[in-house]
Amino acid sequence: MIPAPEVMLLTGGRLVDGTGAAPVDDAEIHLRDGLVQFAGPAALAPPAPLGARRIDVTGHTVLPGFFDCHTHLTMRPQSRIGGTIAQLTDPMSLRVLRAVPNLSDTLDAGVTTVRDLSGADLGIKLAVEQGLVRGPRLVIAIRILSITGGHGDWRAANGVDLAGGSGGGGVADGPDAFVRATREVLQAGADCVKVAASGGMTSPRSSPEHGGLTEDELRAVVREAARHGDVPVAAHAQDGPGIPDAVRAGVRSIEHGYHVRQETVSEMVDRGTFLVPTLATLTRERDPATTPAPELARRRATVAAAKERLAAAMASGVRVALGTDAGLMTHGANLRELGLMVELGLSPMAAIVAGTSAAAELCGLDAELGSLTPGKRADVVVCAGDPLADITVLADPDNVVLVVKDGAVQKDRVERGAQR
């Protein structure tokens, strides 16, 4: 990491500031002391102080640092390192060390903030903040709160806990028990609370259409989290009654929401509930050589139906934030999600907003991050090409040529001849 100079100037590029405003050609961006000082047309820029570091990014696009609002940093795809249970039962030291390359790959992809929804603990977050590990800043949930037998209850049938601690599930039953579980995860350092409002595809004994926490239990979590500084609640909810129950209970976001019904979408729009559709993990391919044909056919039908429901939700104006479920899919390919959102009907600009200012609002960081506007923290991504013309250019980390976090250069592959 290169220490942040007092003033850095990016010149000549096209600015897409993350607010949804029209792009600015021949833009100039001034960064000072880790903050954005100016971002707009070069003709309106204030004079640059002597000694400012100038980087010419002509022909490139300048954007805010991106968010991934649904990651699992201590995991890697199952095809590479065991299955879900195997990774959850690994020693915590191994899970922590596994997170190190995941953090680095994510930052190199242009993602400067992640929300880890079970896996990373307070120690990993602090290691990044203290500069011991290279990576994006973290917002953490630590573990998922679930019911007995629900998604996140990783106990074996004989009662042996297969995945205690960070990354495992906090199991409770009844509103009072979930108040205690919420307090415990907040005491451990969580910035948000994750709950299992439905079953899941990787649950030992539940399926996506199964219910999770009841509406009363969900309300208890939401109320208790609100008492501790308006901490947001994220609901894993793929299908069944869990999606409408979670929305009515007042969660901040529905994670996945693959089979959300239109009446629930309307309520989400009214309430401002975010949808984090995790399309990258939804659409990940199964290996036909190792997947039985009936299972493969069911999977394809499920994906097709989910795409229809999610496209309808987006068309209805539900608030969308970018999240990938990285850990089940590859870390470092996070911004492939943008192209998948565009395939389901979002404009490229709307997809960029979902990954920047909207995601920052979901995480409660919109006063500091999410757009290149004066006073915000200086998280900047420069990519080759024009993502408004072809959003998929951001899917390839090689096209991300410059990453700045809090004013410090984290990745720099801008052509040397382009600097002056």
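What counts, and at which threshold
Residues numbered from 1 in each chain as written. Predicted model: local features only at pLDDT ≥ 70, side-chain atom pairs only at ≥ 80, totals over all residues. Heavy atoms only, no water. Helix = DSSP H or I, 4+ residues; strand = E, 2+ residues; numbered from the N terminus. Buried < 20%, exposed > 50% of the residue type's maximum accessible area, 1.4 Å probe, protein only. Contact = heavy atoms within 4.5 Å. Core = buried A, V, L, I, M, F, W, Y, C linked by side-chain atoms within 4.5 Å. Pairing = 2+ DSSP bridges. Axes fitted to C-alpha atoms, helices over the stretch in contact; angles between N-to-C directions.

## What to know about unusual backbone geometry
Phase 1: With a phi close to 75°, I142 is a non-glycine residue in the positive phi region.
Phase 2: By the secondary structure assignment, I142 is in the loop between β9 (137–140) and β10 (144–146).
Phase 3: Even without a glycine there, the phi angle at D325 is positive, about 70°.
Phase 4: Position of D325 among the secondary structure elements: in the loop between β16 (319–320) and α10 (336–343).
Phase 5: When its relative accessible area of 5% is taken as the criterion, D325 is described as buried.

## A closer look at helix α6 (residues 242–249)
Phase 1: Among the 8 residues in α6, 6 count as buried, and that is most of the element.
Phase 2: All of the buried residues along α6 are G242, I243, D245, A246, V247 and A249.
Phase 3: Tucked inside the fold, the buried residues of α6 contact α5 (215–226), β13 (233–237), β14 (253–256) and α7 (262–271).
Phase 4: Directly beyond the C-terminal end of α6, a positive phi value near 95° is found at G250.

## Describing the environment of P241
Phase 1: When you line up the elements, P241 lands in the loop between β13 and α6.
Phase 2: In this structure the C-alpha to C-alpha distance between P241 and T214, which are 27 residues apart in sequence, comes to 8.9 Å.

## Observations concerning the nonpolar core
Generally speaking, a soluble globular protein has its nonpolar side chains buried in company with each other.
Phase 1: Ranked by internal contacts, the top residues of the largest apolar core, which has 72 residues, are L138, V193, V195, I254, L338, M341 and L394.
Phase 2: Examining the composition of this core, we find that 5 residues originate from one element, helix α9 (residues 293–315), more than from any other.
Phase 3: Dropping the residues within four chain positions of it, L138 is found in contact with L73, L103, V114, A120, I124, K125, V128 and D191.
Phase 4: One finds M8, V62, V404 and V414 within the second-largest nonpolar core, a separate group that totals 19 residues.

## A short note on helix α11 (residues 348–355)
Phase 1: Within α11, 6 of the 8 residues are buried, which leaves it mostly tucked inside the rest of the structure.
Phase 2: Buried within α11 are the following residues: M349, A351, I352, V353, A354 and G355.

## Side note on the sheet that holds strand β17 (residues 380–384)
Phase 1: The strand order β2-β6-β17-β18-β19 describes an open sheet built from 5 strands, whose pairing is mixed. This sheet does not close on itself; its edge strands, each paired only once, are β2 (14–15) and β19 (408–412).
Phase 2: Across 5 bridges, strand β6 (residues 60–64) lies against β17 in antiparallel orientation. Looking at β17, one finds that P64 is bridged to V380.

## Here's the deal with the sheet that holds strand β5 (residues 53–56)
Phase 1: The mixed open sheet is built from 4 strands, whose spatial order is β4-β3-β1-β5. The outermost strands of the open sheet, each flanked by one partner alone, are β4 (35–41) and β5. The sheet shows a mean angle of 15° between the axes of neighbouring strands, direction not considered.
Phase 2: Sheet topology places strand β3 (residues 27–32) next to β4; 6 bridges connect them, and they run antiparallel. Bridge assignment links I29 to a residue of β4, and that residue is A39.

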